[in-house]
There are 2 protein chains.
Amino acid sequence: MTVKQKVLLLGATGETGSSILNGLQESGNFDVEILVRPASAKKPSVQKLQEQGIRIWSIDLDNFNELVSAFTGVDILISAIGPNDLLQQKKLLQAAKLADIKRIVPCAFITVAPPKGAMLLRDEKEEIYNTIKFLGIPYTVIDVGYWYQISFPTLPSGRVNYAQIFPLNTIHGEGTARNILTDLRDVGRFVARIILDDRTLNRYVYTIGEALSEKEIYHIAEETSGEKLEPTCLSNQDIEASVEQTKAALTQDPRNPIKRTALYIAQYQHSKYVRQDNSPSYADYLGYINTRELYPDFQPTTFRDFFEELLAGKGRKVYS
Amino acid sequence: MTVKQKVLLLGATGETGSSILNGLQESGNFDVEILVRPASAKKPSVQKLQEQGIRIWSIDLDNFNELVSAFTGVDILISAIGPNDLLQQKKLLQAAKLADIKRIVPCAFITVAPPKGAMLLRDEKEEIYNTIKFLGIPYTVIDVGYWYQISFPTLPSGRVNYAQIFPLNTIHGEGTARNILTDLRDVGRFVARIILDDRTLNRYVYTIGEALSEKEIYHIAEETSGEKLEPTCLSNQDIEASVEQTKAALTQDPRNPIKRTALYIAQYQHSKYVRQDNSPSYADYLGYINTRELYPDFQPTTFRDFFEELLAGKGRKVYS
């Protein structure tokens with residue numbers, strides 16, 4: 001009998017965290033426990049996990065001793081904390097070191113981008129990675145590109161609106177920048193493989209379903225739906241202006257999470273389409289290894305299959 | 001006939017730069033040119049290089065167009081700029097990008113340490129590495145550990161004083177922390193190999209003569225000299241206090257290069273002996289590859305051979 005690895009997961013009820021929880025449970029290789037902050041303990045989503053028999057640790061992140069208790073005996077700590085709370089992870093790291101956790105997976109799970117200067121969201125993650133390295137805790141950074149679930153166009157018929165958080169009928173720049181994309185549901189399946197793999201220790205890894213340009217995505221949408229799309233074009237200059245505007249707005253009101261999110265979105269566009277960071281070649285340059293090389297037997301969901309599911313009414317709106 | 005790689009070297013008259021220049025010339029694989037700032041062009045050390053027939057580019061680092069001219073056709077740009085001028089390298093990077101340089105070797109050439117928070121000297125280098133990654137310029141970071149030339153103890157007889165920039169008869173902490181050490185003269189020989197090697201592209205590499213603890217170093221010194229050493233001990237607390245003191249002094253007078261150097265030295269001690277960063281295992285954790293694995297045929301100078309040379313009066317005082 002193999003001993004199951006004990007995983008403690010923070011952020012289990014978010015989009016990424018849910019996918020990870022599912023992936024870990026599906027794999028059968030893990031004993032998963034959940035870490036929540038006291039303010040979240042009574043949330044229906046947390047209660048539901050508790051009813052499934054998952055052990056819930058409700059701990060204030062400032063409570064160092066309780067964190068050490070929760071971390072003792074944990075093999076792998078995974079953080080899928082929300083984007084506005086990234087720096088809160090610092091509170092976990094000393095305790096993870098003291099408890100001798102064998103691997104920490106800090107909250108990455110975004111597109112491939114350089115360490116500093118391209119995206120505020122990435123910059124804050126870098127602070128955490130640097131603290132991990134300072135402490136010498138074994139780690140794996142896992143990025144996932146952009147989700148299929150927020151990369152598909154609106155159809156004239158409105159057939160896929162039910163699964164969209166906002167309408168999308170834009171081509172950025174030339175529409176030819178190929179982006180690393182992963183089906184959100186595959187994220188957790190990839191994570192379940194990556195965290196048991198010695199080759200990924202102290203490395204950066206990206207998951208990938210497909211690398212597709214917007215033109216390719218729109219083509220697949222047209223082919224599978226039979227509808228004709230007429231996207232609007234957004235120039236690189238427009239994208240740059242949008243970064244400047246959202247940056248200025250946040251500077252005036254630095255603690256406003258909505259303004260922060262607006263900047264994140266503008267910088268995602270800039271990084272994906274103008275800088276073209278979120279590509280296999282730049283990931284390779286930055287030293288990432290990819291799941292396609294690591295797990296050639298893993299068949300990720302294709303974008304076409306994903307979109308056909310949407311057309312069949314089997315999609316789900318994220319963040320809802 | 002193989003075409004020689006064209007190398008442009010900044011900092012060629014410094015200790016590291018001189019070793020690199022020698023190593024590149026010795027290998028015979030390079031056409032080396034030198035970049036100096038106008039203020040340095042008349043220095044005897046620069047004049048001497050010019051007399052050897054080396055092409056000298058005397059360019060103000062703010063002169064973007066001239067930098068682009070100098071960089072055009074250069075395969076490899078190596079910077080061995082002084083520790084107080086690290087951030088000046090930013091002025092080179094846009095030009096290097098525009099001139100499509102195939103590899104940049106930014107000024108690293110120090111001990112292994114984490115990206116942020118352990119050593120101010122390392123933190124400034126990280127700013128440069130991040131800018132390189134932001135621009136997507138192919139690079140190699142080369143660290144060398146600490147030099148033999150500043151790691152050997154003073155002997156009671158005074159026989160090796162002639163080659164010492166300051167007396168050394170201290171054991172830090174337990175004296176058992178093993179540090180990556182390289183003979184300064186081997187640095188350039190290693191660089192000549194590393195920069196022609198595809199395996200080191202976009203990677204961090206460390207050179208290594210030996211990894212030795214202070215106790216091992218003192219033992220070799222006693223064996224080869226026949227003298228008895230009686231080192232003083234400096235506790236971890238003393239080292240920490242020295243970091244705090246030098247940091248406070250620099251805060252009061254932030255542009256004082258002497259106070260900056262004092263902090264560098266204190267942080268080197270802290271990083272090497274208290275944190276024990278400059279070790280093969282931590283380098284491995286940080287993702288470095290090492291020259292021992294890359295070049296098993298390369299026979300670096302051993303510390304014993306180096307010290308026997310010193311005893312034979314064949315040493316040289318660095319920074320003199």
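Fair warning: this is a prediction, and the values are worked out from it, not measured in the lab.

### A word on the packing of helix α7 (residues 214-225) of chain B against helix α12 (residues 303-311) of chain B
All names here are of chain B. In contact at an axis separation of 10 Å, α7 and α12 are set at 45° when each is read in the N-to-C sense. Classified by the angle between their axes, α7 and α12 sit oblique to one another. Once α7 is placed against α12, the crossing between them reads as right-handed. Here α7 contributes Ile-217, Ile-220, Ala-221, Glu-223, Thr-224 and Ser-225 to the contact with α12, which in turn contributes Phe-303, Arg-304, Phe-307, Glu-308 and Leu-311. Classifying every residue of the contact of α7 with α12 gives six nonpolar, two polar and three charged.

### Regarding the pattern of salt bridges
Applying the stated criterion to the full structure yields 40 salt bridges over all chains. Residue A:Asp277 is joined to A:Arg275 by a salt bridge in which the shortest nitrogen-to-oxygen separation is 2.9 Å. Using a relative accessible area of 21% as the deciding quantity, one classes A:Arg275 as partly exposed. Here B:Glu216 and B:Arg178 are joined by a salt bridge, their closest N and O atoms 3.9 Å apart. Of this pair, B:Glu216 sits in helix α7 while B:Arg178 sits in the loop between β8 (170-172) and β9 (179-182); the two residues are 38 residues apart in sequence, bridging distant segments of the chain. Overall, the relative accessible area of 46% leaves B:Arg178 in the partly exposed class. Where salt bridges share partners, they join A:Glu26, A:Asp186 and A:Arg189 into one cluster.

### Thoughts on the UniProt feature "domain: NmrA-like" (unreviewed entry) in chain A
Residues given the UniProt feature "domain: NmrA-like" (unreviewed entry) here are residues 4-306 of chain A. Helix makes up 42% of residues 4-306 of chain A and strand 16%, with an end-to-end C-alpha separation of 32 Å.

### Overview of the sheet that holds strand β6 (residues 140-143) of chain B
Residues and elements named next belong to chain B. Strand order in the open sheet formed by three strands is β6-β10-β13, and the pairing between neighbours is parallel. Two strands bound the open sheet, and with one partner strand each, they are β6 and β13 (289-290). The sheet contact formed by β6 and strand β10 (residues 203-206) spans four bridges and is parallel. Bridge assignment links Val-141 to a residue of β10, and that residue is Tyr-204.

### Let's talk about the environment of B:Thr140
All names here are of chain B. Along the chain, Thr-140 falls in strand β6. By relative accessible area, which is 0% here, Thr-140 ends up buried. Between the C-alpha atom of Thr-140 and that of Lys-317, which follows or precedes it by 177 residues, the distance is 29 Å. With residues up to four places along the chain from it excluded, the contact list for Thr-140 reads Arg-103, Ile-104, Val-105, Pro-106, Ile-194, Thr-200, Leu-201, Asn-202, Arg-203 and Val-205. Polar side-chain contacts of Thr-140 include one of 2.8 Å to the backbone oxygen of Thr-200.

### Digging into the pairing of strand β4 (residues 76-79) of chain A
Looking along a regular strand, one sees the side chains alternate between the two faces of the sheet. Residue and element names in this part refer to chain A. Burial along β4 is two-sided: Ile-76 and Ile-78 facing one way and Leu-77 and Ser-79 facing the other are all buried. In this structure, strand β1 (residues 5-10) lies alongside β4, joined through four bridges in parallel fashion. Across the sheet, residue Val-7 finds its bridge partner in β4, namely Ile-76. Across three bridges, β4 lies against strand β5 (residues 103-105) in parallel orientation. Bridged to Leu-77 within β5 is Ile-104. Remark: the β4/helix α4 (residues 90-98)/β5 crossover connection has right-handed handedness.

### Regarding the side chain of A:Ser213
All names here are of chain A. Turning to its location among the elements, Ser-213 is positioned in the loop between β11 (210-212) and α7 (214-225). Judged by its relative accessible area of 5%, Ser-213 falls in the buried class. Excluding residues within four positions of it along the chain, Ser-213 makes contact with Gly-175, Thr-176, Ala-177 and Arg-178.

### A look at the interface of chain B and chain A
On the side of chain A, 19 residues touch chain B, which itself brings 19 residues to the contact. Buried surface at the junction of chain B and chain A, both sides included, amounts to about 1400 Å², of which 55% is carbon and sulfur. Three residues stand out in chain B for area buried against chain A, namely B:Lys133, B:Phe134 and B:Tyr285, and they jointly supply 45% of the buried area on that side. Inspection of the chain B/chain A interface yields zero salt bridges. Here chain B is connected to chain A by eight residue pairs in polar contact (both at pLDDT 80 or more). At the level of secondary structure, the elements contributing two or more residues to the side of chain B that touches chain A comprise α5 (120-135) and α10 (280-285) of chain B. Broken down by element, the side of chain B that touches chain A gets its largest block of residues, five residues, from α5(B). Residues that form the side of chain B that touches chain A fall into these classes: eleven nonpolar, four polar and four charged.

### Some details on the relation of the copies chain B and chain A
With an axial shift of 0.0 Å and an RMSD of 0.0 Å, the rotation relating chain B to chain A amounts to 180°. The superposition operator between the copies reduces to a two-fold rotation axis. Proximity to the rotation axis, assessed at the C-alpha, singles out B:Gly287 in chain B; its C-alpha lies 4.7 Å from the axis. Of the residues that chain B buries at the interface, 100% are likewise interface residues in chain A, meaning the two copies contact each other through the same surface.

### Focus: helix α6 (residues 184-194) of chain B
An α-helix turns once every 3.6 residues. As a result, residues three or four positions apart point the same way. Burial runs high along α6(B): eight of the eleven residues are buried. Within the span of α6(B), buried status applies to B:Leu184, B:Asp186, B:Val187, B:Gly188, B:Phe190, B:Val191, B:Ala192 and B:Ile194.

### Regarding the environment of A:Lys48
Residue and element names in this part refer to chain A. By the element assignment, Lys-48 lies in helix α2 (residues 44-51). Among the residues examined, Lys-48 registers a relative accessible area of 54% and is labelled exposed. Once the C-alpha coordinates of Lys-48 and Thr-13 are considered, the two residues, 35 residues apart in sequence, prove to be 9.8 Å apart.

### What to know about a nonpolar patch on the surface
Residues A:Ile165, A:Phe166 and A:Tyr319 make up a contiguous nonpolar surface patch of roughly 310 Å² in combined accessible area. Within the fold, A:Tyr319 resides in the segment after α12 (303-311).

### Re the packing of aromatic side chains
Tallied over the entire structure, the rule returns 30 aromatic pairs over all chains. When the centroid spacing of 5.4 Å and the interplanar angle of 90° are considered together, the rings of A:Tyr148 and A:Phe303 count as edge-to-face. In this pair, A:Tyr148 is assigned in the loop between β7 (146-147) and β8 (170-172) and A:Phe303 in helix α12, connecting sequence segments 155 residues apart. Here A:Tyr148 and A:Phe303 have matching classes, each one buried. Among the aromatic side chains, those forming a connected cluster through ring pairs are A:Tyr129, A:Tyr139, A:Tyr204, A:Tyr206, A:Tyr288, B:Tyr282 and B:Tyr285.

Definitions and cut-offs
- Residues numbered from 1 in each chain as written.
- Chains lettered and ligands numbered in written order.
- Predicted model: local features only at pLDDT ≥ 70, side-chain atom pairs only at ≥ 80, totals over all residues.
- Heavy atoms only, no water.
- Axes fitted to C-alpha atoms, helices over the stretch in contact; angles between N-to-C directions.
- Helix = DSSP H or I, 4+ residues; strand = E, 2+ residues; numbered from the N terminus.
- Parallel < 35°, antiparallel > 145°, perpendicular 65-115°, else oblique.
- Left-handed = near helix turned anticlockwise from the far one by under 90°.
- Contact = heavy atoms within 4.5 Å.
- Nonpolar A, V, L, I, M, F, W, Y, C, P; charged D, E, K, R; others polar.
- Salt bridge = Lys/Arg side-chain N within 4 Å of Asp/Glu carboxyl O.
- Buried < 20%, exposed > 50% of the residue type's maximum accessible area, 1.4 Å probe, protein only.
- UniProt positions renumbered as here; feature names shortened; annotations may be inferred.
- Pairing = 2+ DSSP bridges.
- Polar contact = N/O pair within 3.5 Å; in protein donor to acceptor, adjacent residues only side chain to side chain.
- Right-handed = clockwise from strand over helix to strand, strands pointing away.
- Buried area = accessible area lost by both parts, 1.4 Å probe.
- Least-squares fit on C-alpha atoms with pLDDT ≥ 70 in both.
- Patch = residues over 30% accessible without salt bridge, like charges linked within 9 Å, V, L, I, M, F, W, Y side chains within 5 Å.
- Areas by Shrake-Rupley, 256 points an atom, 1.4 Å probe, with all protein chains shown as cover.
- Phe/Tyr/Trp six-rings, centres within 6.5 Å; stacked < 30°, edge-to-face > 60°.

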